[in-house]
Amino acid sequence: MKHRLDYAKAAPAGYKALGSVHSYIHGCGLEKELIELVYLRVSQLNGCAYCLDSHSRDLLKQGVSLEKIMLLAAWHEALPLFTARERAALAWAEVVTQVAQTQVPQADYVSVAAMFSEKEVADLTLAISLMNALNRVAISFRKVPTAVKAHQEHLNDE
C-alpha cells in the first residue's frame, strides 16, 4: 500500500475542522471506551485498515480486553462482553453507517433513544458520522497503518 497524499498538509483547514469535531466528541460526556468501540466498529464496516489499527491500539491502551476487541465484529454473538449501552451504540453505529441500505428505521432510533438522552444520541451520531468521514479520507488516500509501517521498516532493516 502506497500513501497517496497527506490530507492534513493538502487541506489543513479541513483537517483542523474534523479535529474540532473529534475534540468535541471526546469532551461531550460519552464514555471513552464506548466512543472507541463505535469508532472501531464503524471502521470494520468500512474496511479502513488505518483506523482499525489505530482504534484497536487505543482500546488496548484503555485496558479493554483483547477478547472484547477481537469479538467486536460479532458483538451480537458475544453479548455478555458488551454493556446494554454499548450494544445500543453499536447497533446504532451499524444502521447509521449503512444509511444507504437501512434508511435508519424508526425501531432502531427508538432502541437507541431508550438507552441514551437526546444529547447523547446526537453526540453518538456525530461520532459515527465523523468516523465515517475519516474512514473515507484514510481509505481514499491510502493512509498506511502503524502495523504496516512497522512491518515495512522491519523488512528494510533486514
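All figures in this text were calculated on a predicted structure; none of them were measured in a lab. (Residues numbered from 1 in each chain as written. Predicted model: local features only at pLDDT ≥ 70, side-chain atom pairs only at ≥ 80, totals over all residues. Heavy atoms only, no water.)

Turning to the overall build of the protein, a few remarks are in order. Counting its secondary structure elements, the protein contains 10 helices and zero strands. Reading the protein from its N end, one meets helices and strands in the order α-α-α-α-α-α-α-α-α-α. Taken over the C-alpha trace, the protein has a radius of gyration of 16 Å; the compact-globule value for 158 residues is 15 Å, and the two agree within 12%. Every one of the 158 residues in the protein was classed for burial, and the buried ones make up 34%. Contacts in the protein between residues far apart in sequence, at least 24 positions, make up 68% of those at least 6 positions apart. (Helix = DSSP H or I, 4+ residues; strand = E, 2+ residues; numbered from the N terminus. Rg over C-alpha atoms; globule rule 2.2 N^0.38 Å. Buried < 20%, exposed > 50% of the residue type's maximum accessible area, 1.4 Å probe, protein only. Contact = heavy atoms within 4.5 Å.)

Here we take up unusual backbone geometry. Its identity as a non-glycine residue notwithstanding, Gln-103 has a phi of 60°, on the positive side. Along the polypeptide, Gln-103 turns up in the loop between α7 (99-102) and α8 (106-115). Take Gln-103: its relative accessible area is 59%, and that puts it in the exposed class. We note that Val-104 has phi near 50°; this positive angle belongs to a residue other than glycine. Looking at where Val-104 falls in the secondary structure, it is placed in the loop between α7 and α8. A residue is classified by how much of its surface remains accessible, and Val-104, at 25% relative accessible area, is partly exposed.

A word on the layout of surface pockets. Approximately 330 Å³ is the volume found for the largest pocket. Tyr-7, Tyr-15, His-22, Tyr-50 and Leu-134 are, among the 16 residues lining the largest pocket, the residues nearest its centre. Counting residues per element, the ones that place at least two in the lining of the largest pocket are α1 (7-10), α2 (12-27), α4 (49-61) and α9 (118-140). For the lining of the largest pocket, the class distribution of residues is nine nonpolar, five polar and two charged. (1 Å grid on protein atoms, 1.4 Å probe; cavity = no way out; pocket = protein on both sides within 12 Å on 5 of 7 lines; lining within 4 Å. Points joined across faces, edges and corners; volume = space filled by probe spheres on them. Nonpolar A, V, L, I, M, F, W, Y, C, P; charged D, E, K, R; others polar.)

Below, the discussion takes up the nonpolar core. One finds Leu-30, Val-38, Tyr-39, Trp-92, Phe-116, Leu-124 and Ile-128 to be the most contacted residues of the largest nonpolar core, which totals 26 residues. When residues in this core are grouped by element, the largest group, eight residues, is from α9. Excluding residues that lie within four positions of it along the chain, Leu-124 makes contacts with Leu-30, Leu-34, Val-38, Ala-89, Trp-92, Val-112 and Phe-116. By size, the runner-up hydrophobic cluster in this structure holds 10 residues, among which are Leu-37, Val-64, Ile-69 and Phe-82. (Core = buried A, V, L, I, M, F, W, Y, C linked by side-chain atoms within 4.5 Å.)

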